Amino acid sequence: MSAEGGTKAVVAALFANLGIAVTKFVAWGLTMSSSMLAEAIHSVADSGNQVLLLIGGKRASRAATPQHPFGYGRQRYIYAFIVSIVLFTVGGLFALYESYHKLQHPEPITAWKWVPVTVLVVAIILESLSFRTAIKESRGPKGKASWAEFVRRARVPELPVILLEDFAALVGLVLALFGVGMTLITGDGIWDAIGTGMIGLLLVAVAVILAVEMNSLLIGESATEENEARIVTAITGGDEVERIIHMKTLHLGPEELLVAAKVGIRPDSSAAEIARGINAIEVRIREAVPIARVIYIEPDIYSTER
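Presented here is an overview of the structure given in this document. (Residues numbered from 1 in each chain as written. Predicted model: local features only at pLDDT ≥ 70, side-chain atom pairs only at ≥ 80, totals over all residues. Heavy atoms only, no water.)

**A look at the pairing of strand β2 (residues 256-264)**
Here's step 1: Counting buried positions along β2 gives eight out of nine residues, so the element sits mostly inside the fold.
Here's step 2: For strand β1 (residues 243-253) and β2, the ladder comprises nine bridges, and the chain directions are antiparallel. By the bridge assignment for β2, arginine 243 is matched with glycine 264.
Here's step 3: Between β1 and β2, which follow one another and run antiparallel, lie two residues.
Here's step 4: Pairing analysis gives eight bridges linking β2 to strand β3 (residues 292-300), with the strands arranged parallel. In the sheet register, glycine 264 faces β3, and the bridge partner there is aspartate 300.
Here's step 5: Regarding the hand of the β-α-β motif, the stretch spanning β2, helix α9 (residues 271-288) and β3 is right-handed. (Buried < 20%, exposed > 50% of the residue type's maximum accessible area, 1.4 Å probe, protein only. Helix = DSSP H or I, 4+ residues; strand = E, 2+ residues; numbered from the N terminus. Pairing = 2+ DSSP bridges. Right-handed = clockwise from strand over helix to strand, strands pointing away.)

**Quick look at the nonpolar core**
Here's step 1: Core analysis: the biggest nonpolar cluster contains 44 residues, and Leu53, Val161, Ile162, Val206 and Leu210 have the highest contact counts within it.
Here's step 2: Taken together, the elements giving at least two residues each to this core come down to α1 (3-31), α2 (34-60), α3 (75-104), α4 (114-142), α5 (147-153), α6 (158-186) and α7 (190-219).
Here's step 3: In contact with valine 161, other than residues within four places in its own chain, are Leu53, Ala80, Val83, Leu210 and Met214.
Here's step 4: Of all hydrophobic cores here, the second largest spans 17 residues; its members include Ala223, Ile278, Ala292 and Ile295. (Core = buried A, V, L, I, M, F, W, Y, C linked by side-chain atoms within 4.5 Å. Contact = heavy atoms within 4.5 Å.)

**Focus on a nonpolar patch on the surface**
Here's step 1: Together, Val22, Val26, Leu30, Trp112 and Trp114 make up an exposed nonpolar region whose accessible area comes to about 530 Å².
Here's step 2: Element by element, the count of residues in the nonpolar patch is highest for α1, at three residues.
Here's step 3: Along the chain, valine 22 falls in helix α1. (Patch = residues over 30% accessible without salt bridge, like charges linked within 9 Å, V, L, I, M, F, W, Y side chains within 5 Å. Areas by Shrake-Rupley, 256 points an atom, 1.4 Å probe, with all protein chains shown as cover. Salt bridge = Lys/Arg side-chain N within 4 Å of Asp/Glu carboxyl O.)

**Side note on the packing of aromatic side chains**
Here's step 1: Counting across every chain of the model gives two aromatic pairs.
Here's step 2: Ring plane angle 85 degrees and centroid distance 6.2 Å describe the contact between tryptophan 147 and phenylalanine 150, whose orientation is recorded as edge-to-face. Residue tryptophan 147 and its partner phenylalanine 150 are both found in helix α5; the two are separated by three residues, about one turn of the helix.
Here's step 3: Under the relative-accessibility criterion, phenylalanine 150 is labelled buried at 6%.
Here's step 4: Their ring planes at 90 degrees and their centres at 5.8 Å tell us that phenylalanine 178 and tryptophan 191 sit as a pair that is edge-to-face. Here tryptophan 191 lies in helix α7 and phenylalanine 178 lies in helix α6, a separation of 13 residues in the sequence.
Here's step 5: Given a relative accessible area of 36%, phenylalanine 178 falls into the partly exposed group. (Phe/Tyr/Trp six-rings, centres within 6.5 Å; stacked < 30°, edge-to-face > 60°.)

This is the structure we're talking about:
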């Protein structure tokens, strides 16, 4: 997946969340609804997260240096991991605290009753548009995989992060609408507190999922099954080698792959033939998998006794 699609989804989400955050704060100021405050803080956290993703993408594009010879591609994973922390603390824990506070001292909504409902309905429409952009940009890289598989297996962090954030935002808005609506209908502020608590639990759950996935990427994940199959075909597609003895792949960043393979060559191959063969294999690998930027091919003589 190109970074362009991820950046487009991030920018769309950023502008949507900034506008939504302002309207939610206005609604909270007029009604003092805890659900509105939790959702406003949620939108602020999401906006900050989108800024972090953009910064991560920018910093990851720096050229390699002697101190960092494989470049800075993994910084996109680091910033996406920070996103999960922000979502957990600023969004989830704050909403749970606010819910606890309002459960102790529930307050009905007595003024500007139409404001929170209007704001939430408009926010649902805007979030739906942002979510649609994320889905549209994700369809290509997702392929035939399910959405859950895409989030789990994606090596590019931006789109899975935005998908989960937008999904959580939509569900959170529905929960807020439930809490506010029940408070307006019953006159009991405890429903507002319950809606806030459900928003907090939702954000904590999404943050944990993101943290687990980004942790796996930070540790280092191999190429996708599809790309590994293409690499194997590229290596064995000529007559330079008899077989692959073993192969390892590692994502140095979302769009930069390291390939290391030990290959079995014919015992009578000359040094010049081996060099030409390795060069030909590298060309085929890069043609098959363009993100394979760093390739190490080690020739060896294969023996079943070893």
